[in-house]
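# A closer look at the structure
Single-letter residue listing:
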Amino acid sequence: MKLESKVPEGPLAEKWTKHKFNLKLVNPANKRKYEVIVVGTGLAGASAAASLGELGYNVKAFCFQDSPRRAHSIAAQGGINAAKNYQNDGDSVYRLFYDTIKGGDYRAREANVYRLAEVSVNIIDQCVAQGVPFAREYGGLLANRSFGGAQVSRTFYARGQTGQQLLLGAYSALNRQIANGKVKMYSRTEMLDVVVVDGKARGIITRDLVTGKIESHSAHAVLLCTGGYGNVFYLSTNAKGSNVTAAWRAHKKGALFGNPCFTQIHPTCIPVSGDHQSKLTLMSESLRNDGRVWVPKVAHKGLKAKEAKSITETDRDYFLERKYPSFGNLVPRDVASRNAKMMCDEGRGVGATGLAVFLDFADAIKRDGKDTIAAKYGNLFDMYKQITGDDPYEMPMMIFPAVHYTMGGLWVDYNLMTTVPGLYSLGEANFSDHGANRLGASALMQGLADGYFVIPYTIGDYLANIGWNDKVGTDHPVFKEAINAVNSSVSKLLSIKGKKTVDEFHRELGLTMWEYCGMSRNAEGLKTAKKKIQELKNEFWQNVNILGSASELNMELEKAGRVADFIELGELMVDDALNRAESCGGHFREESQTPDGEALRKDDEFTYASAWQYQGENQAEVLHKEELRFENVKLTQRSYK
Amino acid sequence: MKITLKVWRQQNANSKGQFKTYVADHVSSDMSFLEMLDVLNTSLIKKGEEPIHFDHDCREGICGMCSLYINGHPHGPQQTTTCQLHMRTFKDGETITVEPWRAKAFPVIKDLVVDRTAFDRIQQAGGYVTVNTGGVPDANEIPIPKKIADEAFDAAACIGCGACVAACKNASAMLFVSAKVSQLALLPQGHAERKERVEKMVAQMDAEGFGACTNTRACEAECPKAISVTNIARMNREYFSAMFSSYEVKVGGGGE
Ligand code: SF4
Ligand code: FES
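Quick look at the structure, then.

Parameters and conventions
- Residues numbered from 1 in each chain as written.
- Chains lettered and ligands numbered in written order.
- Predicted model: local features only at pLDDT ≥ 70, side-chain atom pairs only at ≥ 80, totals over all residues.
- Heavy atoms only, no water.
- Helix = DSSP H or I, 4+ residues; strand = E, 2+ residues; numbered from the N terminus.
- Contact = heavy atoms within 4.5 Å.
- Areas by Shrake-Rupley, 256 points an atom, 1.4 Å probe, with all protein chains shown as cover.
- Rg over C-alpha atoms; globule rule 2.2 N^0.38 Å.
- Buried < 20%, exposed > 50% of the residue type's maximum accessible area, 1.4 Å probe, protein only.
- Lys, Arg positive; Asp, Glu negative; His and termini not counted.
- Charge placed at Lys NZ, Arg CZ, Asp CG, Glu CD.
- Phe/Tyr/Trp six-rings, centres within 6.5 Å; stacked < 30°, edge-to-face > 60°.
- Lys NZ or Arg CZ within 6 Å of the ring centre and 35° of its normal.
- Pairing = 2+ DSSP bridges.
- Core = buried A, V, L, I, M, F, W, Y, C linked by side-chain atoms within 4.5 Å.
- Domains from an automatic or database assignment.
- Right-handed = clockwise from strand over helix to strand, strands pointing away.
- Salt bridge = Lys/Arg side-chain N within 4 Å of Asp/Glu carboxyl O.

## A short note on the overall build of chain B
- Counting its regular elements, chain B contains eight helices and seven strands.
- If you line up chain B on its principal axes, its C-alpha atoms span 70 × 40 × 35 Å.
- Once local pairs closer than 6 in sequence are excluded, the contacts in chain B between residues at least 24 apart make up 69%.
- Of the roughly 10,500 Å² of accessible surface on chain B, a fraction of 52% belongs to carbon and sulfur atoms.

## Let's talk about the overall build of chain A
- Looking only at helices and strands, chain A has 16 helices and 19 strands in total.
- Relative to the globule expectation of 26 Å for 641 residues, the C-alpha radius of gyration of chain A, 24 Å, shows essentially globular dimensions.
- A principal-axis box enclosing the C-alpha atoms of chain A has dimensions of 75 × 60 × 50 Å.
- When burial is assessed residue by residue, chain A has 65% of its 641 residues classed as buried.
- Within chain A, contacts between residues separated by at least 24 positions form 74% of all contacts whose residues are at least 6 apart in sequence.
- For chain A, the accessible area works out to roughly 21,900 Å², and carbon and sulfur atoms hold 50% of it.
- Between the centroid of the 79 positive side chains of chain A and the centroid of its 74 negative side chains there is a distance of 3 Å.

## Things to note about the packing of aromatic side chains
- Tallying each qualifying case throughout the model produces 32 aromatic pairs over all chains.
- Summarising the aromatic geometry, the rings of B:Phe33 and B:Phe90 are spaced 5.8 Å apart at their centres and angled 45° between planes, so their arrangement reads as tilted. A residue pair is termed long-range when its members are at least 10 positions apart, and B:Phe33 in helix H1 (residues 33-46) and B:Phe90 in the loop between strand S4 (73-74) and strand S5 (95-99) qualify at 57 residues. B:Phe90 matches B:Phe33 in its accessibility class, with the two residues each being buried.
- Aromatic ring contacts, followed pair by pair, group A:Phe361, A:Tyr377, A:Phe381 and A:Tyr393 into a single cluster.
- A:Lys370 extends its terminal NZ or CZ atom over the ring of A:Tyr393, reaching a point 4.7 Å from the ring centre.
- The ring of A:Trp541 has A:Lys492 lying over it, and the distance from NZ or CZ to the ring centre is 4.7 Å.

## Here's the deal with the sheet that holds strand S11 (residues 263-269) of chain A
Residue and element names in this part refer to chain A.
- Strand order across the open sheet formed by five strands is S11-S15-S14-S12-S13, with antiparallel pairing between neighbours. Strands at the two margins of the open sheet, each flanked by one partner only, are S11 and strand S13 (316-317).
- Alignment of strand S14 (residues 357-360) against strand S15 (residues 397-406), held across three bridges, turns out to be antiparallel. What sits directly across from Phe-358, in S15, is Met-398.

## What to know about the nonpolar core
- Counting residues in hydrophobic clusters, the biggest one holds 130 residues, and the most contacted among them are A:Ile80, A:Phe134, A:Leu223, A:Tyr424, A:Ile459 and B:Phe210.
- With twelve residues, helix H11 (residues 443-466) of chain A is the largest single contributor of residues to this core.
- Looking at which domains feed residues into this core, each of domain 1 (3-110) and domain 2 (117-245) of chain B gives three or more.
- Among all residues touching A:Phe134, those that are not within four sequence positions of it are A:Ile80, A:Ile124, A:Cys127, A:Val128, A:Leu142, A:Phe156, A:Tyr157, A:Ala158, A:Thr162 and A:Leu166.
- Counting 113 residues, the second largest nonpolar core, distinct from the first, contains A:Val195, A:Tyr384, A:Leu509 and A:Met519.

## With respect to the pairing of strand S2 (residues 58-62) of chain A
Residues and elements named next belong to chain A.
- In terms of residue burial, S2 counts as a mostly covered element, since four of its five residues are buried.
- The sheet contact formed by strand S1 (residues 35-39) and S2 spans five bridges and is parallel. Its bridge partner being in S2, Glu-35 is matched across the sheet by Asn-58.
- After leaving S1, the chain enters helix H2 (residues 43-55) and then returns to the sheet as S2, a path that is right-handed.
- Bridge count between S2 and strand S5 (residues 183-186): four bridges; the pairing is parallel. From the neighbouring strand, Val-59 faces S5, where its bridge partner is Val-183.

## Comments concerning the pattern of salt bridges
All names here are of chain A.
- All told, the structure shown has 68 salt bridges over all chains when counted by the stated rule.
- For the salt bridge of Arg-249 with Asp-565, the shortest nitrogen-to-oxygen distance reads 2.9 Å. Here Asp-565 lies in helix H15 (residues 555-579) and Arg-249 lies in helix H6 (residues 245-252), a separation of 316 residues in the sequence. Considered together, Arg-249 and Asp-565 belong to a single accessibility category, that of buried residues.
- Ionic pairing is found between Lys-500 and Glu-539, a salt bridge with its closest N-O pair at 3.1 Å. Of this pair, Lys-500 sits in the loop between helix H12 (477-496) and helix H13 (502-517) while Glu-539 sits in helix H14 (residues 523-543), and the two are 39 residues apart along the sequence.
- In this structure Glu-539 comes out as partly exposed when scored by relative accessible area, which is 27%.
- The structure contains a network of salt bridges with shared partners spanning Asp-105, Arg-107, Arg-580, Glu-582, Arg-601 and Asp-603.

Structure follows, in structure tokens:
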């Protein structure tokens, strides 16, 4: 198989404009003859479904939650980047492009990233027109802040809930199309398979989570906007329901999976408090603007936050300030995370588990006063206190890294199409724009760019080319086969009646992934992980216990299907991490580091995106490589010293 | 900690439900309320009993999916979401009663899970600004005084959980609907459609079977996002002025 990125010719800044002109258009009167399926209703899915409905296509949208508004985009806190240069501080489309490519450690496609930066300005306009209440200055214009160490203030935000406000904007546009009859919404409905006939995606198989009914839906094209797979680690900042099932089942039907091992681990999360822990909560990275990260110079087993004061200044190690004097506490996410882990590995971690470091605001409070700090971080401090019972005004916070975002995902070309014609992937579900590491405030940007401003153009070309007659009905034998296959895998799960719960398997998988394929990876550990995951897979299919029936709401059954897919994905992540014997972005291979312990990229060998092809049950997947060509930026090693 | 739980169990929408009593041993005060239920569920599965079904997703207080009526309060004793409620709020040996949201417009699906799609339909009726993707003005061409923007934001903070309905003895949805109406009534982007919007959303709210508002303010007291009842007053003003002006239009315009 040859991977064709379909990146248009021409100078970087003109590619998208030219491409849009060259794409075929669907005659307005014919749009209503086409049907499009959108799976997932987060920023990417809701914006795509709404925009396609507005254009006149007939859209069916699906989400497993009870309402499209609950998709996990809702939980994004920080903000959304856009190259508006409202602050006159030197920002531009090119600078946002450059920062994103560099931040991704040169493992993303130049043309895609440039387009992302280019349409970022339209996103803000669109959201404001919908009534999204962004933060404003006293003069009534939009406020910006610098985020995640960026040199310019290009981040738009809505208190600590930018994700919710943007999603409610997209949801309102979606609602308008639902009311117009252009979008039919299926909530509490999970996609369990993609149907491919004659090499093209023709529809999906779903399960109504309330009645258990398995149904087929046909369409001219299918869009998977189903988010990331961070929950493969069991503990992550993702919502409990976030899963890889739609993407994974598409992968098994022929869509290549890109860069699966690229995961982002966020440094400032609330540490695990015990075995009961069900998810991790992110504390906004803006806290690092004023908080100082430290551990004691010598190990103090079980040191509590309220005892932190007993460690004198000279006995503290402000390790980020010490090792990275120019960036200090504001080093990028991956560097901050890895260093916190190193301290804990040395035994200098704090808290009951020893898996935490302090984030201390005492100096900031002394310098700026409690009121100023409260105005900046009050809601975060309250949230921290609510969860941990400790008051950050009185004692340092305890933080530890947690899985937050997955840069990998379904491989897509410049048009966002996967390797299956007619099957697209948008937002976090695809692999496209963030390379090996995502910059803060760029996830929301990508989701909305894909949904509002890319897919409405690129899908038209495909639809115009195939023509509205080229559609397969749900009475086609392949749909029938797919329904039978889904039904039998559901009954198989229910028939096992073993001894372990789904969560027990999920936790075990998570521990393996975190241990061997987390913040730092090495060949030996990855091989161990592969073996463990294969054993876990065998055990799962013999020993999982799911009660209840398939013909009603059965949340254990839902989870079981998702965990089964996570197990298989976990193995592919390990394969990918093993193959990539370099350190880049969020992927740190211990074998590839500089003499002073920093990540070492190997551009000669690894300037490519990996794309894995499924070969069948328990078969090794085949790796394809998309060479990345950099015509506009020069590859440099990141340095934050 | 040891906690006794009286939990509403109901197999499906058509069956009759009942309370069942469970004892949760070894509850840690650091657990969230939902984690306590997770642990209980694991032990139920081990015993061959179907786990208690409840809605949840983000577990960080923003998606609005978690619910639960705990000891007579939606989302429990604190003004937060159930997923953010921690067991340290309760005492060792306490008995806790857990029920689903109770409202005609929120029918029970199973155990503690209810159907809140009525909220979606209310928003579909008019909770948007009519703009298509593209073709909008530059964002800074619409200056909005900070005070107005902040007020709109306060209304926009609603997470659509439905606690206001569960808290109200009339099962009224006024707090939710008024928050949605207020956000767009305050912002200039929403002005063109403000009359039709409030009329349609209120009509849908009534059609869904939510009760009337009798100003008991229980909703405001229980709302996890501190949505204020001043939104209800604002919506009432919007509604009456819309009704009045549509009447004028009809009279003045003659028949069409
Ligand atoms: S108004 Fe408050 S209680 Fe009601 S749905 Fe919104 S957030 Fe929930
Ligand atoms: S689970 Fe999302 S608000 Fe509680």
